[in-house]
Structures are given as structure tokens and as C-alpha cells.
Amino acid sequence: MTGNRQQSTAAPTDPNSEIGALITKPRGYLVVKSAFLFGRVGALDARLVELTDAAAGEQAVDIGCGPGQLVRALAQRVGPSGRVLGIDPSAEMIDYATARTAALPNCRFEVGTAQSLNLPDASVDVVTSTFVMHHIPEAKRAAALAQMFRVLRPGGRLLLADTHPTGLVLPTVVRLMSRFAARRTDDPHAAGHQADPLSAIDIRRYREALREVGFGTVDFTAIAPMTGVLVATKNA
């Protein structure tokens, strides 16, 4: 995991059934994400990195890295002796992230999917995947979690995060936004198509699945105002 270059892996040919929704416009995604998180993207990334307990010299992978914000935050955390890899199925996202990370030689990006990681067994200390699981076709999610477990070293940590609105108003707003967005996409797995969009994206639904693939402790943390986080540890 060295250098700041782009690599590609073969992607499945049917995005809806194999990969899920592809987000291909980095600038638009950044605008929407910033608005959705009330301009607190940097603060959220800092808290997520803290929850990974990543240390100097460790190796980390961010799956579904998008434009690379969390990868850059992780790269600063692990320092020059550590390495961070960002993986995303969207070539447009990988190009955008690579072009904006030249100042951080300890990270790189490649095209790939969560359910087919091109990494050796027990090769990384930290895996993160934020606001991603609901984009993966449901039939492929168990495979994605198994891949994340496979590439972690004993004692390694997996951080999963997704939308978790708090308070009285935000849950209603997110349900409405999810249903509106679902009508504007061809993704049949979009949360807005489900009976309760919040249940569809609730990261806590993966607690048992994480234990089934072999993780030991699985802890939940809510980060106000909009994020729920699971941190699962692979037994040493």
C-alpha cells in the first residue's frame, strides 16, 4: 500500500445487481453531503478516525471512499509510516480523489467493490465504510462484511457508519428526503423504496451479521446530529 497512484480492478457488468448504486459526480456529492451534515463533514471525519483507534504506522482501508475525505483524515492519523487505501466502484470518484491527494504520499486509491476486495488475508489494521452499506445490493452485503473481516489482522477494527438522525424533526426530514431521492434514481435498493427508510439505513441492523462472520465486540455510537457508527473488533 505505497505511493499515490490509481489502480483498477475488474468490475461486474450489472451495476444494479452486483455493485449497487454508483455515485459518479464528486462535486455534486460533496455539496449534498455538506448540506446533509450541516457543514460538519470535517468534524465528523475527525470523530470517525478517533473511533477507529488507528495508530501511527498502521494500515487502513476505506471502502466506498468517494472523493477521499476520510482517506485523507486517516492518512494524517497513521502518519508517514502508515498507509491508507481508498476503494470505490466509481472511476470518477477515484480520479477525483487521486488528483487531490498528491500531498499525502502515504495513501492511494483504486476502483473496486466491498464484496470483492483485492487484498491479502489479514493485511490491514483498520477498515472503514461510511454511508455505503445501503448502496450495496442486499444479497451482497453478507459477502461484503465477510471480505472486511478477511482482510483485517487479528485485533483489527472495522468501522461502519450510516445516517442516524436524532431529535424529533430530523427523522421525518430524512424519511421524506429518502423517498424523494428514490423516485429520482434507478437504484431498486434505495432506502426510500423501503417501508421505513430509516430502518433500511440503520447501521445497527448489521450487529448480528458482524458477529456471524466472526467479529468479537460490536459497539454502537451515535454522533449528533445525523450519524450512527458500529465499531467491530476482530479477536486477537
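Note that the coordinates shown come from a computational prediction; the quantities given were computed from them, not determined experimentally. (Residues numbered from 1 in each chain as written. Predicted model: local features only at pLDDT ≥ 70, side-chain atom pairs only at ≥ 80, totals over all residues. Heavy atoms only, no water.)

A. Structural detail: the packing of helix α2 (residues 26-36) against helix α5 (residues 91-99). Between α2 and α5, the shortest axis-to-axis distance is 9 Å and the interhelical angle comes to 80 degrees. Put simply, α2 runs roughly perpendicular to α5. Contacts between α2 and α5 involve Pro-26, Arg-27, Tyr-29 and Leu-30 from the former and Glu-92, Met-93 and Tyr-96 from the latter. Here the contact of α2 with α5 is built from residues that sort into five nonpolar, no polar and two charged. (Axes fitted to C-alpha atoms, helices over the stretch in contact; angles between N-to-C directions. Helix = DSSP H or I, 4+ residues; strand = E, 2+ residues; numbered from the N terminus. Parallel < 35°, antiparallel > 145°, perpendicular 65-115°, else oblique. Contact = heavy atoms within 4.5 Å. Nonpolar A, V, L, I, M, F, W, Y, C, P; charged D, E, K, R; others polar.)

B. Layout of α2. Those residues of α2 not exposed but buried are Pro-26, Leu-30 and Lys-33. Looking straight down α2, one finds its buried side chains confined to an arc of 70 degrees; they lie on one side. Those residues of α2 that are exposed and angled more than 90 degrees off the buried face are Arg-27, Val-31, Val-32 and Ala-35. Looking at the buried side of α2, the elements it contacts are α3 (41-52), α4 (69-78) and α5. Trailing α2 by a residue or two, Phe-38 shows a phi angle of about 55 degrees, which is positive. (Buried < 20%, exposed > 50% of the residue type's maximum accessible area, 1.4 Å probe, protein only. Arc of directions from axis to C-beta.)

C. Up close: the packing of aromatic side chains. Enumeration according to the criterion identifies one aromatic pair in this entry. Geometry around Phe-149 places Lys-234 over its ring, the cationic atom sitting 4.4 Å from the centre. (Phe/Tyr/Trp six-rings, centres within 6.5 Å; stacked < 30°, edge-to-face > 60°. Lys NZ or Arg CZ within 6 Å of the ring centre and 35° of its normal.)

D. Structural context of unusual backbone geometry. The step from Ala-224 to Pro-225 runs through a cis peptide bond, and the omega angle for that step is 5 degrees. Assignment of secondary structure puts Pro-225 in the loop between β7 (215-223) and β8 (227-234). The residue Ala-122 is not glycine, and still its phi comes out positive at about 50 degrees. Within the secondary structure, Ala-122 is located in the loop between β4 (107-111) and β5 (124-130). Exposure remark for Ala-122: the relative accessible area of 35% places this residue in the partly exposed category. With a phi angle near 55 degrees, Phe-131 is a residue other than glycine that sits in the positive phi range.

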